[in-house]
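As a plain string of letters, each chain reads:
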Amino acid sequence: MEQYIMKGGNPLAGEVTISGAKNAALGILAAAIMTDEDVVIDNLPDVRDINVLLEAIEEIGARVERIDRHTVRINAKDIHEVEVDDEYIRRIRASYYFIGALLGKYKSAQVPLPGGCNIGSRPIDLHLKGFRALGAKIEIERGAVVAHAIDLVGSHIYLDKVSVGATINIMMAASLADGLTIIENVAKEPHVVDVASFLNSMGANIKGAGTDIIRIRGVRRLHGTEYSIIPDQIEAGTFMCAAAVTRGDVTVKNVIPKHLEAISAKLLEIGCEVVELDDAVRVVGKPYQRHTNINTLPYPGFPTDMQPQMSVTLALAHGTSIVTESIFENRFKYVDELARMGSNIKVEGNVAVIDGVGCFTGASVNAPDLRAGAALVLAGLAADGYTVVDEIGYIQRGYEHFEEKLKSLGAMIERVDCDKDLQKFRLKIG
Ligand code: UD1
């Protein structure tokens, strides 16, 4: 089983280049099967979730050609199957995007219903409400969503809760429906806008992505395109927090600073220096960083996917911070792990009260999920002594070459898969 071992204490310094956005890529790759023509997608992150989704796309009959590590050509004219295998849903929840993509193109889809996951129950009722409003008949049969429509017809849909997945999924299906669809109370995340731009580059007619209301005028068919994915806002934010928590000086390159404003604002509030450049952000951590409060909200609010990394940063700041998790109910699982490193955090329901401590001490901890796993690595890099993070498969789902990028900033970290390698690292670092 692979693990990360690290010795904390080095302030991270230098430049790091951010990869393409995983969550945009998941929507875009699914949408790529909605045309029979070639689609070339660039700036794909080379991470596990993306590679699993590509396997699922091949499995239903599309041709997937890796041009290089970050570029893929997809041709979906030979799709023979509108039924997605259960294995992929278990490995990657975002395979629910196949429902919108297949329903739009073939008016039929069969996709296993995703279960709960480590961060919460994650229902998809709003996705299904949207498909039904477009005229699809949806049944749940033997654990799968079975969707059929004779014709999809544009509709007026109000989302009861702001949902990234439902917004993207309904937008895909509605792109090939007859007439106008209006979706209200939609998610405004950068990756929602990116999927809309991608669909528009295939000939869809989507307006308003990035605002509260999206209007989609259905078209008869979509065509091939070449598209480059936006940078990953959460990977960027993670490295920004890495600079803050280790009191380092890191320039995070290949980003869209506007997408990072909520994170930059909080780092400024705690006393870090944050300098926005054209396509980079520099974060300088300070010896004295103070507490603040965080409430996770849909974009442009503070992202739930940055809550653990920011909480780790606050756990080493002066004073008491209150962190409220408003999106997912189970996102404080790392708190018990962090306690092993000396943090002082109390969780009541969806609120964490963080009393900052002067230092962490290295310990063996388990990554409970993707972002919490990354947060524990940041904690280890700021801690005195050695930290071992287990279950790093979660982290590899969403961070490309995480340890290599950290190493290039001066972190003492290694990915190992046996005790002998752990010992070797300790001997080498001393
Ligand atoms: C996406 C991201 C995830 C991020 C989340 C919130 C992807 C692949 N994943 O997840 O990293 O943490 O957005 O920014 O893009 N909800 C319902 N019914 C639904 C759908 C959602 O009640 O049908 C609820 C969820 O339980 C949650 C909230 O709505 O409380 C937001 O979830 P949503 O935005 O849909 O998250 P995902 O798209 O699953």
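One structure accompanies this document, and this report is about it.

Cut-offs used in this document
- Residues numbered from 1 in each chain as written.
- Predicted model: local features only at pLDDT ≥ 70, side-chain atom pairs only at ≥ 80, totals over all residues.
- Heavy atoms only, no water.
- Pairing = 2+ DSSP bridges.
- Helix = DSSP H or I, 4+ residues; strand = E, 2+ residues; numbered from the N terminus.
- Buried < 20%, exposed > 50% of the residue type's maximum accessible area, 1.4 Å probe, protein only.
- Contact = heavy atoms within 4.5 Å.
- Axes fitted to C-alpha atoms, helices over the stretch in contact; angles between N-to-C directions.
- Parallel < 35°, antiparallel > 145°, perpendicular 65-115°, else oblique.
- Left-handed = near helix turned anticlockwise from the far one by under 90°.
- Nonpolar A, V, L, I, M, F, W, Y, C, P; charged D, E, K, R; others polar.

**Side note on the pairing of strand S19 (residues 344–348)**
- As paired elements, S19 and strand S20 (residues 351–355) share five bridges and run antiparallel to each other. Note on S20: the bridge partner recorded for Glu348 is Val351.
- Here S19 hands over to S20 after two residues, with Gly349 in that stretch at a positive phi of 60 degrees.

**Let's talk about unusual backbone geometry**
- In this structure, the amide linkage connecting Tyr299 to the following residue, Pro300, adopts the cis form with an omega of 10 degrees.
- Locating Pro300 in the fold gives a position in the loop between strand S17 (294–295) and helix H10 (307–314).
- The backbone phi angle of Asn43 is positive, close to 60 degrees, even though this residue is not glycine.
- Within the secondary structure, Asn43 is located in the loop between strand S3 (39–42) and helix H2 (48–59).

**Re helix H5 (residues 125–133)**
- For H5, the set of buried residues is Leu126, His127, Leu128, Gly130 and Phe131.
- Check the buried side of H5 and you find it contacts helix H4 (97–106), strand S7 (137–141), strand S8 (144–148), strand S9 (156–158) and helix H6 (164–175).
- Positive phi appears at Gly135, one or two residues downstream of H5, with a value of about 105 degrees.

**Side note on the sheet that holds strand S5 (residues 71–75)**
- Spatial ordering of the open sheet is given by S4-S5-S3-S13, a layout of four strands whose pairing is mixed. Two strands bound the open sheet, and with one partner strand each, they are strand S4 (63–68) and strand S13 (225–228). Averaged over all adjacent pairs, the angle separating strand axes in this sheet is 15 degrees, with direction ignored.
- As paired elements, S3 and S13 share four bridges and run parallel to each other. If you follow Ile41 over to S13, its bridge partner there is Tyr227.
- The strands touched by helix H7 (residues 190–201) within the sheet are S3 and S13, with S13 carrying the most contacts at an inclination of about 160 degrees.

**With respect to the packing of H10 against helix H12 (residues 370–382)**
- Look at H10 against H12: their axes get within 7 Å of each other, and the N-to-C directions meet at 25 degrees. It follows that H10 is roughly parallel to H12 by the angle criterion. The crossing of H10 and H12 is right-handed. Within the contact between the two elements, H10 uses Pro308, Gln309 and Val312 and H12 uses Arg371, Ala372, Ala375, Leu378 and Ala379.
- When grouped by side-chain class, the residues that make up the contact of H10 with H12 number six nonpolar, one polar and one charged.

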